[in-house]
Amino acid sequence: MPCPLPEKETGNIHIHDLIIIGGGPGGLTAGIYAQRAALDTLLLEKGLPGGQMNNTDMVENWPGIESISGAELSTAMADHVRSYGLEIQQQEVRQIEPCLGHHLVHLADDRKLAAYALIIAAGGSPRKLGVPGEDANYGKGVSYCAVCDGFFFRNKTVVVVGGGDSALEEALYLAKIAAKVYLVHRREEFRGGMILQKRVKAEKNIELHLNAVVTAIQSDRQGVTGVALEDTTSGEQRELACDGVFIFIGFMPDNSLVPAGTKMNADGFVVTDEKCETRLPGIFVVGDLREKYVKQIITAAADGCIAAQAAARHVENRKGDGQ
Ligand code: NAP
């Protein structure tokens, strides 16, 4: 049974072949493949095309380009997709309503759009430490983006928290700007890649504080003044004076638009099949929101390619069914 559009809209709502929600590398790559498959496609993005890539200093693992800033790669991808004539609208999506034949997308401005297939590429946002002083000092010394805020800490002292690729990369970026970078990680071993680890250890103005967690961020009227640390092995408490705290401790998937009936894992990432399709036919999830082994720009882009190809097949079948 096809799912009818709301009665008052029947006849005057255009049903797109595909709506892509999110303009990061997954969504933009899906846009390129969808245009090449001649799908009637619309891409909705509430912020800047490129998504989280815009907050990345240098990308050094995109094949064919030794080194490019995240912002430049974002612009290049958006230009590429626009060269195919893809319509990108700056719109916030409030809700996705799955149906049998097509699906509805409710926008924040109360309009509804319809499409036979949806690709959700909503990504996520930085995980917070959840310690006293973090929220109160956000924008006053606490930051989740070195590229955005590093400039304000020229010749100052900053703490970077985390042990993954992001923390290591951003500590290296900040080491070029700040006088001193304290890198605080809760374990002895880093999670981030070996090349980054070697570079961090070789950087003279990065000082490692391993087996340590930040328990509070201290401040005065001007902003951040330091952090309280606890040694995870001995329990010893100490303080580090600093002007800024950059937190890179992972990522929270933005699953707020993912409709009920879709399978998610315990961490809130969406489980799909190998076509990036959810349990709901015609609804695909790509990029950092999808459960997978490696979250990288290149794997997000690969998801976008796969989902767009699968969406094209889905649309063909739907139209063949006359729905
Ligand atoms: P991540 O790999 O999940 O690392 C998070 C780090 O934060 C871990 O070291 C973790 O410690 C630590 N952590 C988590 N919760 C914490 C807490 N409450 N308090 C203190 N420390 C905490 O996250 P990510 O670095 O943002 O990277 C996310 C994904 O993007 C990864 O797959 C990464 O490879 C990828 N990435 C790739 C690149 C690149 O290749 N250029 C750049 C950036 C990100 P434990 O290690 O003890 O768990």
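Residues numbered from 1 in each chain as written. Predicted model: local features only at pLDDT ≥ 70, side-chain atom pairs only at ≥ 80, totals over all residues. Heavy atoms only, no water.

**Notes on the overall build of the chain**
Scanning the chain from N- to C-terminus turns up six helices and 19 strands. Against the 2.2 N^0.38 benchmark of 20 Å for 323 residues, the chain shows a C-alpha radius of gyration of 22 Å, consistent with a compact globule. Put simply, the chain has 323 residues, and 51% of those count as buried. In the chain, 59% of the contacts between residues at least 6 apart in sequence involve partners at least 24 apart. As displayed, the chain has an accessible area near 15800 Å², and 50% of this comes from carbon and sulfur atoms. (Helix = DSSP H or I, 4+ residues; strand = E, 2+ residues; numbered from the N terminus. Rg over C-alpha atoms; globule rule 2.2 N^0.38 Å. Buried < 20%, exposed > 50% of the residue type's maximum accessible area, 1.4 Å probe, protein only. Contact = heavy atoms within 4.5 Å. Areas by Shrake-Rupley, 256 points an atom, 1.4 Å probe, with all protein chains shown as cover.)

**Remarks on the sheet that holds strand β17 (residues 244-247)**
Sheet strands pair by backbone hydrogen bonding; their relative direction is either parallel or antiparallel. In space, the five strands of this open sheet follow the order β10-β17-β11-β12-β13, with parallel pairing throughout. One side of each edge strand has no neighbouring strand; the edge strands of this open sheet are β10 (142-143) and β13 (206-209). The pairing of strand β11 (residues 157-161) with β17 spans four bridges and is parallel. Each residue of the ladder has a partner; that of V158, found in β17, is G244. Sitting on the sheet, helix α4 (residues 165-175) touches β11, β12 (180-184), β13 and β17, and the angle it makes with β12 is about 165°. (Pairing = 2+ DSSP bridges. Axes fitted to C-alpha atoms, helices over the stretch in contact; angles between N-to-C directions.)

**A short note on the environment of Q309**
Along the chain, the position of Q309 falls in helix α6 (residues 297-320). On the basis of relative accessible area, Q309 is assigned to the partly exposed category, the value being 45%. Counting along the chain gives 144 residues from Q309 to D165, while the straight-line C-alpha distance between them is 31 Å.

**A word on the site of the ligand**
What surrounds the ligand is a group of 16 residues, the closest being D165, E169, R187, R191 and Q296. Between the ligand and the protein, one listed contact pairs an oxygen atom with a backbone N or O atom of G164 at 3.3 Å. Interatomic distance of 3.3 Å between a backbone N/O atom of K295 and an oxygen atom of the ligand. Relative to its unbound accessible area of 910 Å², the ligand is 75% covered by the protein chains. The residue makeup of the shell around the ligand, split by class, is three nonpolar, seven polar and six charged. When residues of the shell around the ligand are assigned to domains, at least three fall in each of domain 1 (8-125 + 251-321) and domain 2 (128-247). (Near = heavy atom within 4 Å. Polar contact = N/O pair within 3.5 Å; in protein donor to acceptor, adjacent residues only side chain to side chain. Nonpolar A, V, L, I, M, F, W, Y, C, P; charged D, E, K, R; others polar. Domains from an automatic or database assignment.)

**Details of the domain arrangement of the chain**
Buried accessible area, meaning the area lost when the parts come together, often serves as the stated size of an interface. Domain parsing of the chain yields domain 1 (8-125 + 251-321) and domain 2 (128-247). Computed over C-alpha atoms only, the centres of domain 1 and domain 2 are separated by 33 Å. With seven residues of domain 1 at the interface, the matching set in domain 2 holds nine residues. Between domain 1 and domain 2, the buried area comes to about 510 Å², and carbon and sulfur atoms account for 42% of it. Interface area lost by domain 1 to domain 2 is led by N55, D57 and E60, which between them contribute 72%. Ionic pairing is found between E60 and R199, a salt bridge with its closest N-O pair at 3.1 Å. Of the residues belonging to the side of domain 1 that touches domain 2, the class tally is one nonpolar, four polar and two charged. (Buried area = accessible area lost by both parts, 1.4 Å probe. Salt bridge = Lys/Arg side-chain N within 4 Å of Asp/Glu carboxyl O.)

**Here's the deal with the packing of aromatic side chains**
According to the stated counting rule, one finds three aromatic pairs in the structure shown. On the basis of an interplanar angle of 45° and a centroid distance of 5.8 Å, the ring pair of Y138 and Y144 is categorised as tilted. Y138 sits in the exposed class, given a relative accessible area of 55%. A ring pair is formed by F153 and F246, whose centres lie 5.4 Å apart and whose planes are at 80°; its orientation type is edge-to-face. Placement of F153 in the loop between α3 (146-149) and β11 and of F246 in strand β17 is noted, with a sequence separation of 93 residues between them. Both residues of the pair, F153 and F246, belong to the buried class. Here K295 stacks its cationic end above the ring of F269, 4.1 Å away from the centre of that ring. (Phe/Tyr/Trp six-rings, centres within 6.5 Å; stacked < 30°, edge-to-face > 60°. Lys NZ or Arg CZ within 6 Å of the ring centre and 35° of its normal.)

**Structural notes on α4**
Given 3.6 residues per helical turn, the α-helix brings residues three or four places apart onto the same face. Counting buried residues along α4, eight of its 11 residues qualify, which places the element largely inside the surrounding structure. Against the buried residues of α4 lie α3, β11, β12, α5 (194-202), β13 and β17.

**Some thoughts on the state of the cysteines**
Following the criterion strictly, the structure yields one disulfide and no others. One disulfide in the model links C145 with C148; its S-S distance is 2.0 Å. Of note, the bridge from C145 to C148 carries an S-S torsion of about 75° and is right-handed in sense. A relative accessible area of 40% places C148 in the partly exposed class. C276 takes part in no disulfide bond, and the closest cysteine sulfur, belonging to C305, lies 9.1 Å away. On the basis of relative accessibility, which here comes to 0%, the residue C276 falls in the buried class. (Disulfide = S-S within 2.5 Å.)

**Structural notes on the environment of K275**
Note on placement: K275 falls in the loop between β18 (251-253) and β19 (283-285). Overall, K275 belongs to the partly exposed group, its relative accessible area being 39%. Among residues more than four places away in sequence, those in contact with K275 are F284, I306, A307 and A310.

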